[in-house]
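# Tertiary structure, described
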Amino acid sequence: MKIKVKDIAKAAGVSTTAVSLVLNGRPNRLSETTKEKIKRIATELAFQSACGDDLLNAPDQHTIGLVVPDNQDPYMLDMIRYLQTYAFSKGCIAFACMTGTGVAYSRAAVSALARKGVDGLIYLPPQELEKEDHLIKTLKTLQDQGIPIVLLDCAVYSLFCDFVSSDNKYAGRLAVDALHRQGHTKIGCITGPLTLYTAKMRLQGYRDGLSRNKLPIESALIQTGIRTEDEGCIAAKTLWQNGCTAIFAASPTAAMGVLQFTQENNIALPSELSVIGYDLPKTSDIPFIRQDMHHMAELAVDLMLERLEPSDDAIPPRNFYLTPELIEP
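This structure is a prediction, so every number in the text was calculated from the model and none was measured. (Residues numbered from 1 in each chain as written. Predicted model: local features only at pLDDT ≥ 70, side-chain atom pairs only at ≥ 80, totals over all residues. Heavy atoms only, no water.)

If you walk across this open sheet you meet the six strands as 2-1-3-4-5-11, and the pairing is parallel. Both outer strands of the open sheet, strand 2 (92-98) and strand 11 (319-322), are each paired with one neighbouring strand and no more. Neighbour to neighbour, the strand axes of the sheet diverge by 15° on average, direction disregarded. Examined bridge by bridge, strand 1 (residues 62-68) and strand 3 (residues 120-123) share four bridges and lie parallel to one another. Note on strand 3: the bridge partner recorded for V67 is Y123. (Pairing = 2+ DSSP bridges. Helix = DSSP H or I, 4+ residues; strand = E, 2+ residues; numbered from the N terminus. Axes fitted to C-alpha atoms, helices over the stretch in contact; angles between N-to-C directions.)

Glancing now at the pattern of salt bridges. Per the stated rule, a full pass over the model turns up eight salt bridges. The salt bridge partner of R318 is D162, with a shortest N-O separation of 3.4 Å. One end of the pair, R318, is in the loop between helix 12 (293-308) and strand 11; the other, D162, is in strand 5 (residues 162-166), and 156 residues separate them in sequence. Of the residues examined, D162 reaches a relative accessible area of 1% and is grouped as buried. As a salt-bridge pair, K186 and E218 come within 3.2 Å of each other at their nearest N and O atoms. Here K186, found in the loop between helix 8 (168-181) and strand 6 (187-190), pairs with E218, found in the loop between helix 9 (197-212) and strand 7 (222-223); they are 32 residues apart in sequence, far enough to count as distant. Judged by its relative accessible area of 25%, E218 falls in the partly exposed class. (Salt bridge = Lys/Arg side-chain N within 4 Å of Asp/Glu carboxyl O. Buried < 20%, exposed > 50% of the residue type's maximum accessible area, 1.4 Å probe, protein only.)

Shown next, in the form of structure tokens:
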């Protein structure tokens, strides 16, 4: 069915004369904003008409903005794909923005999604986020405007909203307990930058594990700030030289760095050095802690959809910590 001038005029809130002038490129005194609005609505109505009645009569779908900082982590990519698929099965569309590790890009993505009118935001913060960052102010502004936010994996200082994560402290304790049962008393830890919530929590769990197994906490057995495999390799060398017989590598990057060190120095695993990694492939030759990424994704979507449903009852922000498991080769 052909779109009529009066249909465009009604949708744009202008006269049919104004529509005719703009679409025919004739001189007029309309503002550029109004001209662009008329052209945009004309394009949208033409598209809807061409798509047919099925699309026009389809129910509106919720839209969720999904902003995550790292597009190189295979486990994060798997969670993003699963989250989008699960969201679609629940009748909504998740638009993913993978922003690297920078705060500026992350903030731009959040702002763009808000301007495009997404109904809610599922957000995983970048590593460099500081307490008084402009990005936090942007997120709070979204909340003030009624856009619900679900934080995924990492908490944000002073931002109060639903939060879904693995129990990272438990992961650290789980690793130390397992290594101590093998008879190790010199257990080292390699983790990422402590500005990252997950790294900080896994280190705290490691320390708690040492304490409850009556082992001393030694700064010489802790390496933090690891971002690359090469840095993980150097950290492993330092711990080896400091007498470690076991290492909890609290990130995939750290674990790969430790394995690089053992291979380059012909150190036998686990007879000479025991290692527990984090989120490694299922075919890994060493034990590792595995997060339930799919459950995290489902819970984040379910919480968002609950927030998007009209309700007279104010639900306070909730925290959910999913229990990881130790996977043996």
